[in-house]
Amino acid sequence: MSIIRFIKNWTLPISMVIGVTAYSVFAFIPSLDKAACLFAPFFDTILPLFMFLILFVTFCKVNFRRLIPVKWHLWVSFFQVLFVFVIIAIILSFRLKGNSLILMEALLTCIIGPCASAAAVVTQKLGGNLEEMTTYTFLSNFITALLIPICFPLIEKTSDITFMGAFLKILNQVCLVLVVPMGLAYVVKHYFHRFHRWVVGVKDLSYYLWGCSLMIVTGTTMKNIVHAETSVHFLLLIALLGLLLCVIQFSVGRFIGHYFNATVNAGQALGQKNTAFAIWIAYSYLNPISSVGPGCYILWQNIINSVEIWMYRKRGLERSA
């Protein structure tokens, strides 16, 4: 029983350890090279499926009539935009190049990236408001879709990017990741009642689906770090600054939420990022090495999530004792 409880309390770190271990086994044992090449397309295919299922299960629990903006949405959005413009101002003011520019790009992707779709899962685990979190997830993705085509051409002059092209491409990603599972969940909730009761009746289903997807994302992140063409010291610097940035964003979000009785929601909204999306935009529009930033950020944000979940459960056990 204690082992089961340990797995429940630390699902996210366990998933990350399994992801890193699995990649290391296939990457550093020559006899498994062919197997690694065989499984790579499979994992690339099932990851979007996991994200789709996570959101579908989460949205099945949403009260769609309560999906309206609230005051803390405005303040969290303001600080996300402010942080982005601070990084852009630093890059342009000092005319950064080389590793200095890559470092700032790595941090920028960890800020400009939208709120993670799975943030609603953690928010629900921490007793937060699922509807407010879901509403902000949509708002955050729209803000990101506006900021990227505005900001990226300023710092990467050679990027083949136009406003409408990037906006429509990112908006398409948002629709596939968010709108389709939400629409399907709405239909199931209102017209397939028996199936809906079964979905919402499986305790923590979306949470454990997220744990499975985290194994795949962590393995991919490990691959990006191993194949990054730069020094170990520079990678460590990106990782450490990513940790600092992660703590700052969670702290600022929780500080904002304190004034609106939404500490959990606002902290998750500003701190937890869609790192898979951030890695994609880094590869698409910036120096590929900058993708190490969001790759490390996923480690820090999920350690924070795991500690918050453990503390929340501990307080619940103390109250029930």
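Residues numbered from 1 in each chain as written. Predicted model: local features only at pLDDT ≥ 70, side-chain atom pairs only at ≥ 80, totals over all residues. Heavy atoms only, no water.

### Looking at the overall build of the protein
Here is step 1: Looking only at helices and strands, one finds 14 helices and 0 strands in the protein.
Here is step 2: In sequence order, the protein lays out its α and β elements as α-α-α-α-α-α-α-α-α-α-α-α-α-α.
Here is step 3: Computed over its C-alpha atoms, the radius of gyration of the protein comes to 20 Å, within 12% of the 20 Å expected for a compact globule of 321 residues.
Here is step 4: Residue burial in the protein is summarised as follows: out of 321 residues, 47% are buried.
Here is step 5: Pairs at least 24 apart in sequence give 82% of the contacts found in the protein among residues at least 6 apart. (Helix = DSSP H or I, 4+ residues; strand = E, 2+ residues; numbered from the N terminus. Rg over C-alpha atoms; globule rule 2.2 N^0.38 Å. Buried < 20%, exposed > 50% of the residue type's maximum accessible area, 1.4 Å probe, protein only. Contact = heavy atoms within 4.5 Å.)

### Regarding the packing of helix H5 (residues 98–112) against helix H11 (residues 232–258)
The description of two helices packed together rests on the angle between their axes and the distance between the axes.
Here is step 1: Two elements in contact, H5 and H11, have axes whose closest approach is 10 Å; the angle formed by their N-to-C orientations is 35 degrees. Viewed along their axes, H5 and H11 form a crossing whose handedness is right-handed. Between H5 and H11, the residues in contact are Asn99, Ile102, Leu103, Ala106, Leu107, Cys110 and Ile111 and Phe234, Leu237, Ile238, Leu241, Gly242, Leu245 and Gln249, respectively.
Here is step 2: Among the residues making up the contact of H5 with H11, the classes are represented as 11 nonpolar, 3 polar and no charged. (Axes fitted to C-alpha atoms, helices over the stretch in contact; angles between N-to-C directions. Left-handed = near helix turned anticlockwise from the far one by under 90°. Nonpolar A, V, L, I, M, F, W, Y, C, P; charged D, E, K, R; others polar.)

### Details of the packing of H11 against helix H14 (residues 292–320)
Here is step 1: In the contact formed by H11 and H14, the axes pass within 8 Å of each other and the chain directions differ by 45 degrees. Taken together, the axis directions place H11 and H14 in an arrangement best described as oblique. Crossing of H11 over H14 shows right-handed handedness. Residues Leu235, Ile238, Ala239, Gly242, Leu243, Leu245, Cys246, Gln249, Phe250 and Arg254 of H11 touch H14, and the partners they reach there are Val292, Gly293, Cys296, Tyr297, Trp300, Gln301, Ile304, Asn305 and Glu308.
Here is step 2: Within the contact of H11 with H14, the residues separate by chemical class into 12 nonpolar, 5 polar and 2 charged. (Parallel < 35°, antiparallel > 145°, perpendicular 65-115°, else oblique.)

### Focus: the packing of aromatic side chains
Here is step 1: Under the defined criterion, the tally for this structure stands at 11 aromatic pairs.
Here is step 2: A centroid spacing of 6.2 Å and a plane angle of 80 degrees characterise the contact between Trp75 and Phe78, whose relative ring orientation is edge-to-face. On the criterion of helical spacing, the pair formed by Trp75 and Phe78 is a turn pair, its members being 3 residues apart in helix H4 (residues 71–94).
Here is step 3: Judged by its relative accessible area of 43%, Trp75 is partly exposed.
Here is step 4: Their ring planes at 70 degrees and their centres at 6.4 Å tell us that Trp280 and Tyr285 sit as a pair that is edge-to-face.
Here is step 5: Accessibility expressed as a relative area gives 22% for Trp280, which makes it partly exposed. (Phe/Tyr/Trp six-rings, centres within 6.5 Å; stacked < 30°, edge-to-face > 60°.)

### Focus on the UniProt feature "transmembrane region" (unreviewed entry) in the protein
Here is step 1: The UniProt record marks residues 12–32, 38–60, 72–94, 100–123, 135–155, 161–187, 207–226 and 232–252 with the feature "transmembrane region" (unreviewed entry), using the residue numbering of this structure.
Here is step 2: Summarising residues 72–94: 100% helix, 0% strand, and an end-to-end C-alpha distance of 33 Å.
Here is step 3: Split by type, residues 232–252 is 100% helix and 0% strand. Its first and last C-alpha atoms lie 30 Å apart. (UniProt positions renumbered as here; feature names shortened; annotations may be inferred.)

### Remarks on the side chain of Thr123
Here is step 1: By the secondary structure assignment, Thr123 is in helix H6 (residues 119–125).
Here is step 2: For Thr123, a relative accessible area of 0% puts it in the buried group.
Here is step 3: When residues no more than four places from it in sequence are discounted, the contact partners of Thr123 are Gly128, Asn129, Met133, Val264, Asn265 and Gln268.

### Description of the layout of surface pockets
Here is step 1: Estimated volume of the largest pocket: approximately 850 Å³.
Here is step 2: In terms of lining, the largest pocket is formed by 34 residues, of which the most central are Leu47, Met51, Asn274, Ala276 and Phe277.
Here is step 3: Of all the secondary structure elements, the ones that give two or more residues to the lining of the largest pocket are helix H3 (33–59), helix H8 (163–191), helix H10 (205–226), helix H13 (275–285) and H14.
Here is step 4: Of the residues assigned to the lining of the largest pocket, the class counts are 20 nonpolar, 11 polar and 3 charged. (1 Å grid on protein atoms, 1.4 Å probe; cavity = no way out; pocket = protein on both sides within 12 Å on 5 of 7 lines; lining within 4 Å. Points joined across faces, edges and corners; volume = space filled by probe spheres on them.)

### Some remarks on unusual backbone geometry
Here is step 1: Positive phi outside glycine occurs at Asp204, with the angle close to 60 degrees.
Here is step 2: Tracing the chain through its elements places Asp204 in the loop between helix H9 (193–201) and H10.
Here is step 3: The backbone of Asn261 sits at a positive phi, close to 55 degrees, despite the residue not being glycine.
Here is step 4: Tracing the backbone shows Asn261 in the loop between H11 and helix H12 (263–271).

### Points about the side chain of Glu132
Here is step 1: Note on placement: Glu132 falls in helix H7 (residues 130–155).
Here is step 2: Glu132 has contacts with Val70, Trp72, His73, Ala262 and Asn265, leaving out every residue within four places of it along the chain.

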